Amino acid sequence: MTQVLRLAIVDPKDTTRDALKSLLLGMDRIWLEAEASRYEFFADVVSQTHPDVGVISLDADPDKGLDLVSQLHKTSPECSILVVSSSSDGSLILRAMRAGAKEFLTHPIKLEDLLTALDRITTLRFGKGTGKSRGCTTIAVAGSTGGVGTTSLAVNLGCALAADEKNTVVLVDLDMCLGDADVFLDAIPEYTVLDLAQNVTRLDFALLKRSLTKHSSGLFLLPRPVHLEDIPQITEDDMQRVFGLLKATFTHMIIDLSKSYSRLDMLAMQVSDHVLLVTQLDLPCLRNVVRLNTSLNEHSAIKDKVKIVVNRVGLESGQITLKKAQETLGKEIFSQLPNDYRTMSEVRNNGVPLVEQAPRAAITQAVLKLAAELCDDPELAGNADKGGKGKWFGLWSSKTKA
Ligand SMILES: Nc1ncnc2c1ncn2[C@@H]1O[C@H](COP(=O)(O)OP(=O)(O)OP(=O)(O)O)[C@@H](O)[C@H]1O
Ligand SMILES: [Mg+2]
């Protein structure tokens, strides 16, 4: 279960207190227990509410703030103190640490730094492995040619992972021109990746989640832009920030790439833990896999992540055998997904994911198994082995529909 940290904040300055609050609100792991605008009252607030973390902003009066750090350290030693200041002066940091602060953050607070600080505090308080791991497993799904099943896999992987209550999963449709993940999820999104990219520096967790479309499976979707002419406005820098924010918010991120291997696609592969290269067993596809592999091998941040997924195994016409394909590719085939056109068409046309439409189908089991391997989640694997009789399916049916 997610370890929730209870926080109390003191900051006499309304603007910075509000900014910090909105940064924290929306994080599943944070519960704002109390807030105060006067240093004088904060020690009492802490002794009455027993928060895990006391956040003390020094800017209004550094000396008073530091006195409060010392006082809290003595009177409420179980409360970890996190100090925030717009000064990064070394002597101030030293004084804060000597007074008993566990962490020191400077304004404007970077999400990454805040999360690292909270992770350290969680580990300190609850021990290793009990806190929610901040790591977000990120999976980019690429294709060796059009129509190989990239989106089908990305959407169904996302829904399979989202069905487990302990996961929060987002799917990013990076097929900027022709992406159709929204169709697979039967969603009419209000916002797109363009809105997020343009506002990313102003976003906080709560606003971010409101900007995404939530599917009944629990999967959050960030769709492609509506208008083609908007696409060039989305820069790599923007996208890097969007990915950063999503990674900080979700336990899993799936990215459905375009087939153009654009700069944004390359960036997505760089920020991912796994790059699935989906192919079918015909000559044009396999030839592209060889070419793509050669190119991706040139990128140190990508090459070790590439995993070949053969889709539609068992399709009769023009198929090369798996053995022959493996020889041609000179690379292990990581996963095989069986051909099941009827089920896959139903899934797409009805906007209902595999796990719901056909939980016992071989294709669903293969997707679950792949999810389990990629995310190193034996529970998912166990459920796949049980042919859908595991806890996972119970969870699915008990999930609240949005
Ligand atoms: N394992 C499968 N068995 C049978 N049909 C499949 C399978 N996977 C996908 N398909 C079908 O293949 C077609 C293309 O799938 P999908 O849209 O996911 O591919 P894509 O690679 O995302 O295509 P695009 O290049 O247009 O983005 C769909 O009709 C889908 O139902
Ligand atoms: Mg697609």
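Chains are numbered independently. Their residues run from 1 in the order of the written sequence. Naming scheme: in the order in which they are written, chains are lettered from A and ligands are numbered from 1. Given that the model is predicted, a residue must reach a pLDDT of at least 70 before its local features are reported, and side-chain atom pairs must reach 80 or more before they are shown or counted; all residues, however, enter totals for whole chains, interfaces and linings.

Participant: So what's going on with helix α6 (residues 150-162)? Which residues, and what values?
Facilitator: The α-helix winds at 3.6 residues per turn, so residues separated by three or four positions along the chain end up facing the same way. Between its first and last C-alpha, α6 extends 18 Å over 13 residues, near the 18 Å set by a 1.5 Å rise per residue. As a rule, residues whose C-beta atom has 12 or fewer other C-beta atoms within 10 Å are exposed, those with 20 or more are buried, and those in between are partly exposed; C-beta atoms are placed from the backbone. Note on conventions: DSSP H or I runs of at least 4 residues are helices, E runs of at least 2 residues are strands, and numbering of each starts at the N terminus. Most of α6 is tucked away, with 13 of its 13 residues classed as buried. By this rule, a helix spans an expected 1.5 Å times one less than how many residues it contains.

Participant: Break down the nonpolar core for me, citing the residues and quoting the values.
Facilitator: Under the definition applied here, buried Ala, Val, Leu, Ile, Met, Phe, Trp, Tyr and Cys residues are grouped into a nonpolar core through C-beta atoms within 7 Å. Of all hydrophobic cores here, the largest spans 76 residues; its most connected members are Val141, Leu157, Val170, Leu277, Val367 and Ala371. The dominant element in this core, judged by the number of residues it contributes, is helix α16 (residues 362-375), at 9 residues. For Val170, the residues in contact, after removing those within four places along its chain, are Leu212, Phe220, Leu222, Leu246, Phe250 and Met253. Counting 32 residues, the second largest nonpolar core, distinct from the first, contains Leu24, Leu58, Cys79 and Ala117. C-beta atoms are first placed from the backbone for all residues, and any pair lying within 7 Å is then listed as a contact.

Participant: Please give an account of helix α11 (residues 263-271) that cites residues and values.
Facilitator: Among the residues of α11, Leu264, Asp265, Ala268 and Met269 are the ones counted as buried. With its buried residues spanning 140° around the axis, α11 presents them on a single face. On its buried face, α11 sits against β6 (137-143), α10 (236-249), β10 (252-256) and β11 (274-279). Each C-beta atom gives one direction from the helix axis, and the arc is the one those directions make.

Participant: Account for unusual backbone geometry, with residues named and values stated.
Facilitator: The amide bond that connects His107 to the next residue, Pro108, takes the cis arrangement and shows omega of -10°. For Pro108, the location among the structural elements is in the loop between β5 (103-106) and α5 (111-126). Notably, Asp186 is not glycine yet its phi reads approximately 50°, a positive angle. Tracing the backbone shows Asp186 in the loop between α7 (181-184) and α8 (193-199). The partly exposed category is assigned to Asp186, around which 14 C-beta atoms lie within 10 Å. Phi is positive for Tyr261, which is not a glycine, with a value near 45°. Mapping Tyr261 onto the fold places it in the loop between β10 and α11. Looking at Tyr261, the number of C-beta atoms within 10 Å reads 14, which means it is partly exposed.

Participant: I'd like a rundown of the packing of helix α3 (residues 62-75) against helix α4 (residues 90-99), residues and numbers included.
Facilitator: Between α3 and α4, the shortest axis-to-axis distance is 8 Å and the interhelical angle comes to 25°. Compared by their axis directions, α3 and α4 come out roughly parallel. Across from Pro62, Leu66, Val69, Ser70 and His73 in α3, the residues of α4 making contact are Leu92, Arg95, Ala96 and Ala99. Put simply, Ala, Val, Leu, Ile, Met, Phe, Trp, Tyr, Cys and Pro go in the nonpolar bin, Asp, Glu, Lys and Arg in the charged bin, and everything else, Gly too, in the polar bin. A class-by-class count of the residues in the contact of α3 with α4 yields 6 nonpolar, 2 polar and 1 charged. For helices, the fitted axis covers only the stretch in contact; all axes are lines through C-alpha atoms, and the angles between them, taken along N-to-C directions, range from 0 to 180 degrees. In this scheme, roughly parallel covers angles under 35 degrees and roughly antiparallel covers those over 145, while 65 to 115 is roughly perpendicular and the rest are oblique.

Participant: Quick rundown of the sheet that holds strand β1 (residues 5-10)? Include the residues and the values.
Facilitator: Strand order across the open sheet formed by 5 strands is β2-β1-β3-β4-β5, with parallel pairing between neighbours. Every other strand in the sheet has two partners, leaving β2 (30-36) and β5 as the edge strands with one partner each. Averaged over all adjacent pairs, the angle separating strand axes in this sheet is 25°, with direction ignored. Contacts from α5 reach β1, β3 (53-57), β4 (80-85) and β5 within the one sheet, and its direction differs from that of β5 by about 170°. In this scheme, strands are said to pair when DSSP sees at least two bridges between them.

Interpretation note: all reported values are geometric properties and have no functional meaning in isolation.
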